[in-house]
Amino acid sequence: MQPTQRRLANAIRALAMDAVEAANSGHPGMPMGMADAATALFTKYLKFDAADPHWPDRDRFVLSAGHGSMLLYALLHLTGFARPTMDDIRNFRQLGSPCAGHPENFELAGIETTTGPLGQGVAAAVGMAIAERHLNAIYGDDLVDHRTWVLAGDGCLMEGVNHEAAGLAGHLRLGRLIMLWDDNKITIDGSTDLSRNEDVVARYAACGWHTVECDGLDSAKVSKAIDEALADARPSLIRCKTIIGYGAPKKQGTAATHGAALGADEVAAARKELGWDTPAFEIPDDVASGWRAAGTRGARDRADWHRRLETSGRRAEFEARMAGKCDDSWLKPYLDKLLADLKPIATRKASEMALGAINAAIPATIGGSADLTGSNNTRTKDQEPLTFDNYGGRYIYYGIREFGMAAAMNGMAQHGGIVPYGGTFLVFSDYSRPAIRLGALSGAKVIHVMTHDSIGLGEDGPTHQPIEHLQALRAMPGLTVYRPADAVETAECWALALADDKPSLLALTRQNLRPVRTKATNSNRCAKGAYRLKSAQADRQVILIATGSEVEIALDVAEKLEGQGIGADVVSMPSTELFDAQDADYREEVLPDVSNRQVLRVSIEAGTTFGWERYTGLHGLRIGIDRFGASAPAVDLYDYFGLTAPKITERVLAHMKIREIA
Ligand SMILES: Cc1ncc(C[n+]2csc(CCOP(=O)(O)OP(=O)(O)O)c2C)c(N)n1
Ligand SMILES: [Mg+2]
């Protein structure tokens, strides 16, 4: 006999209880409350084949309420993914188990994106849905025709980013996006009455979504709601009314089930309540085979899809694109042309010029900006906007939604087939930072284009002038920050970002910079993160280390020092992370490890000096800005903050004197 949907769902409940019990840590409430809804989705609707988790035309499922990770681990295991095994689940939350506290996309195939920071999954799902429609516009229904499903909790729908995502999805009419809301009216602190009385459904409706409500504990009713959602052309919000911890007789419906083991007695009582009599971590045969059948439902679709791919004539192109490889053949011809006609330009402008070549050579790029297109220089001439009536466009007007943009870009990248880049001001990286971080953690190949990267932006003043941002972003693991010094470095940094499989951030100027790289080179000089741009002519006594707009100043300082017989190197350091990754010999060659008495090291960056002692040593000299900026024209600010060649030269000389006395 086929097990009922409820019996299949109870397997999820049991595994969630057992795993959390074994770990004495974790979140049983959400999986127990949403087990019936998830069963409807996975046994009837979700297009997937457990035998091939990477099948490009599979539906994407995002567990935005990542704390309910056991729901996903149970589903992957039960439907027959190679991992997690039952042993993996037994070791839930233990070192070495792929069943991490929250779902990690790099731990298990079948986890489309890392979730846990609430709300971001919703925005990532919007990005996946955009990617799907875009690729559909290019490759047609034969190759790209799938849906994106997202499971969100009350927390996801309170976090502001959900609203950015909802607005974007509604505007772009992403009808293939369906969100299941676990409306259990409970969060950690207790009832949602403590903190929320907005009408979430009305808010989504106002954003252009289709909405429908159902009893989330009845999988037939969830199915009916899903049918309605499928039939509607708008993105859908399905409000599933559930009970957190459903099945635990004493604790269900309370915050006690949210994030703690239920305890042996309550687990035993729940087993009774649910009619589940197998021991912990055991699945009865009928249930196991029922779930296995769900896991192979998509096999036929997948085989058909592969046949279509073979005969499409676009197989190689499609596969290369999904593999995410970016061709760098644009770089050399672009640089040749650039070097033939050098003039002072802002690196944001240089970025736009490079993008002209990049977008022509790499069809996978999709650009955008959070309402600063003209300032970020992110849109190139041939880029049409991506809109609901032209999903084939390659430029997204994200609106003033930095966080939503960054999180959606993670989703696009993780969908595959898209290399997203998006712009805002560097100072507003604070607004997108949680998504930059999650992208860094989960290896999403996204390029963040951050312009107006210092006081050099001028008159907009301290609210708009980044100070600590560069160093704060460099402190983030998994993200490479680039701050190019001129047009050549900008192109080189773009090439490095495109070649990487992790996220990158380009910090670019508003103000014009004079070219510091004027000759062709055989290799990408930015690739090692830092390099000697100018060698000391007299005996080397000073090494000036600068980034971005301060490199030209460093060159002027060096000239002044040389004028006094003091040999000075200038090291351009577009990426501290890449420099740190070089071998000791290279680092030693660029920054010889001698005491500051012999050679004074000086860092110059128009931002915090915090952290630069890493390269200058404690007795070196760090030139920067350790306060908030000011409103004035850029030239005046550089002078006011002492970032001019004469002022820096004076400080260097003074420092050398102190050192001699010491
Ligand atoms: C951005 C963010 N803030 C806080 C948390 C900590 N946290 C995890 S779950 C949760 C409550 C979520 O409530 P809900 O989504 O309703 O989940 P349920 O209790 O119903 O399972 C909180 C505050 C988090 N994971 N992410
Ligand atoms: Mg809740």
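A brief look at the structure comes next. Since this is a predicted model, take the numbers as computed values, not measurements.

What follows covers the sheet that holds strand β18 (residues 567–572). With mixed pairing, 5 strands are arranged side by side in an open sheet as β16-β18-β17-β19-β20. Both edges of this open sheet fall to β16 (531–534) and β20 (621–623), since each of them pairs with a single strand only. On average, each strand axis in the sheet is inclined to that of its neighbour by 30°, with strand direction left out of account. Bridge analysis of strand β19 (residues 600–604) against β20 gives 3 bridges, and the strand direction is parallel.

Glancing now at the nonpolar core. The biggest cluster of nonpolar side chains holds 121 residues, and the ones touching the most others in it are I238 and W291. A total of 11 residues in this core trace back to one element, the largest contributor, which is helix α1 (residues 5–23). In contact with I238, not counting residues within four places along its chain, are I178, M179, L180, W181, V212, C214, A225, I226 and A229.

A word on the packing of aromatic side chains. Each pair of aromatic rings is reported with the distance of its centres and the angle of its planes. Tallied over the full model, the rule gives 17 aromatic pairs. Plain terms: the ring middles of W330 and Y334 are 6.2 Å apart, the flat faces sit at 55° to each other, and that makes the pair tilted. Of the residues examined, W330 reaches a relative accessible area of 5% and is grouped as buried. Accessibility expressed as a relative area gives 11% for Y334, which makes it buried. Feature note: the residues F42, F48, F61 and F81 constitute an aromatic cluster, connected by ring pairs.

By secondary structure assignment, the location of D336 is in helix α13 (residues 331–340). Assessed through its relative accessible area of 37%, D336 is described here as partly exposed.

Moving on to the sheet that holds strand β13 (residues 480–482). Here 6 strands make up an open sheet; going across it, the order is β10-β9-β11-β12-β14-β13 and the pairing parallel. Each having just a single partner strand, β10 (395–397) and β13 make up the two edges of the open sheet. Taking the axes of each pair of neighbouring strands and ignoring which way they run, one obtains an average angle of 20° across the sheet. Direction of pairing for strand β11 (residues 419–425) relative to strand β12 (residues 447–451): parallel, over a ladder of 5 bridges. Looking at the pairing, G422 lines up with H448 of β12.

Attention shifts here to the site of ligand 1. The environment of ligand 1 is made up of 15 residues, and the closest members are H67, G155, N184, I186 and H258. Here D154 contributes a side-chain N or O atom positioned 3.0 Å from an oxygen atom of ligand 1. Between ligand 1 and the protein, one listed contact pairs an oxygen atom with a side-chain N or O atom of H258 at 2.5 Å. Across the complex, the protein chains shield 75% of the 590 Å² of accessible surface that ligand 1 would expose by itself. Of the residues assigned to the shell around ligand 1, the class counts are 6 nonpolar, 7 polar and 2 charged.

Looking at the magnesium ion (ligand 2), one finds its protein donor set to be D154 (OD), N184 (OD1) and I186 (O), positioned 2.1 Å from the metal centre. One chain supplies every donor to the magnesium ion (ligand 2), and in sequence these donors are spaced D-x29-N-x1-I. For I186, a relative accessible area of 12% corresponds to the buried category.

The next subject is a negative patch on the surface. A surface patch of like charges, here negative, comprises D583, D585, E588, E589 and D593. If you trace the backbone, D583 turns up in the loop between α21 (576–580) and α22 (584–590). The exposure class of D583 is partly exposed, given its relative accessible area of 48%.

What follows deals with the pattern of salt bridges. The tally for this structure, following the rule as stated, stands at 43 salt bridges. One salt bridge connects D336 with K332, and the closest N-O pair in it is separated by 2.9 Å. Separated by 4 residues within a single helix, D336 and K332 lie in helix α13, roughly one turn from each other. We note a salt bridge from K343 to D341, for which the minimum N-O separation is 3.2 Å. Note on D341: relative accessible area 48%, which makes it partly exposed. A cluster of three or more residues bridged by salt bridges with shared partners is formed by D183, K185, E213, R239 and K241.

Let us now look at the pairing of β12. Most of β12 is tucked away: 5 of the 5 residues are buried. Of the two faces of β12, both are covered, the one formed by I447, V449 and T451 as well as the one formed by H448 and M450. Note that the unit made of β11, helix α17 (residues 429–442) and β12 has a crossover that is right-handed. Sheet topology places β12 next to strand β14 (residues 504–507); 4 bridges connect them, and they run parallel. Pairing of I447 across the sheet is with S504, part of β14.

This part covers the side chain of Q465. Mapped onto the fold, Q465 is located in the loop between β12 and α18 (469–474). Separated by 2.8 Å, the side chain of Q465 and the backbone oxygen of G458 make a polar contact. In this structure, Q465 is in contact with V427, S454, I455, L457, G458, G629, A630 and L637, ignoring residues within four places of it in sequence.

Here we take up the packing of α1 against helix α9 (residues 264–274). For any two helices packed against each other, one specifies the inter-axial angle together with the distance between the axes. In the contact formed by α1 and α9, the axes pass within 11 Å of each other and the chain directions differ by 170°. Relative to α9, the element α1 is oriented roughly antiparallel. Along the contact surface, α1 presents N10, R13, A14, M17, D18 and E21, while α9 presents A264, V267, A270, R271 and L274.

With that out of the way, let us pick up the side chain of N524. Turning to its location among the elements, N524 is positioned in the loop between β15 (512–513) and β16. From its side chain, N524 meets the backbone nitrogen of C526 in a polar contact 3.0 Å long. If sequence neighbours within four positions are ignored, N524 has contacts with L331, E492, A495 and L496.

Here we take up the environment of R622. Here R622 lies in strand β20. In this structure the C-alpha to C-alpha distance between R622 and I545, which are 77 residues apart in sequence, comes to 9.5 Å. With near-sequence residues (within four places) excluded, R622 lies in contact with S603, T609, W612, E613, T616, G617 and R651.

Criteria and thresholds
- In this numbering scheme, every chain counts its residues from 1 along its sequence in written order.
- As they are written, the chains are lettered A onward and the ligands numbered 1 onward, keeping that order.
- Local features are withheld for residues below a pLDDT of 70 in this predicted model, meaning they are given only at 70 or higher, and side-chain atom pairs are given and counted only at 80 or more; totals for whole chains, interfaces and linings count all residues.
- Side-chain measures here rest on the full set of heavy atoms in the structure, leaving out hydrogens and waters.
- A pair of strands is considered paired only if DSSP assigns at least 2 bridges between the two.
- Numbering of helices and strands starts at the N terminus; helices are DSSP runs of H or I of at least 4 residues and strands are runs of E of at least 2.
- Simply put, an axis is a line fit to the C-alpha atoms, just over the touching stretch for a helix, and the angle between two N-to-C directions goes from 0 to 180 degrees.
- Nonpolar core, defined: a set of buried Ala, Val, Leu, Ile, Met, Phe, Trp, Tyr and Cys residues in which side-chain atoms within 4.5 Å join the residues together.
- Relative accessibility under 20% of the residue-type maximum defines a buried residue, over 50% an exposed one, and the middle range a partly exposed one, all with a 1.4 Å probe and only protein chains included.
- Whether two residues are in contact is decided by their heavy atoms: any pair within 4.5 Å suffices.
- For this analysis, a ring pair means two rings from Phe, Tyr or Trp (six-membered ring only for Trp) whose centres lie within 6.5 Å, classed as stacked if their planes differ by under 30 degrees, edge-to-face if by over 60, and tilted for the remaining angles.
- Near residues are defined by distance, with any heavy atom within 4 Å of the molecule or strand qualifying the residue.
- For this analysis, a polar contact is any N or O atom pair within 3.5 Å, provided that within protein one partner can donate a hydrogen and the other can accept it, and provided that sequence-adjacent residues contribute only side-chain to side-chain pairs.
- The protein chains shown are the only cover counted for residues, whose accessible areas, like all others here, come from Shrake-Rupley with a 1.4 Å probe.
- Three classes are used: nonpolar for Ala, Val, Leu, Ile, Met, Phe, Trp, Tyr, Cys and Pro, charged for Asp, Glu, Lys and Arg, and polar for all others, with Gly counted as polar.
- Each metal site lists N, O and S donors within 2.8 Å (3.2 Å for Na, K and Ca). With water left out of the atoms, a site can look as if it is missing ligands.
- Candidates for patches are residues over 30% relative accessible area with no salt bridge; among them, like charges are joined within 9 Å and nonpolar side chains (Val, Leu, Ile, Met, Phe, Trp, Tyr) within 5 Å.
- The term salt bridge refers to a side-chain nitrogen of Lys or Arg lying within 4 Å of a carboxyl oxygen of Asp or Glu.
- Only four residue types enter the tally: Lys and Arg on the positive side, Asp and Glu on the negative side, with His and both chain ends excluded.
- In this description, the location of a charge corresponds to atom NZ of lysine, CZ of arginine, CG of aspartate or CD of glutamate.
- For crossovers, right-handed means that the path from the first strand over the helix to the second runs clockwise, given strands pointing away from the viewer.
- Put simply, angles under 35 degrees are roughly parallel, angles over 145 are roughly antiparallel, angles from 65 to 115 are roughly perpendicular, and the rest are oblique.

In short, the description is geometric, and any link to function would need to be established separately.
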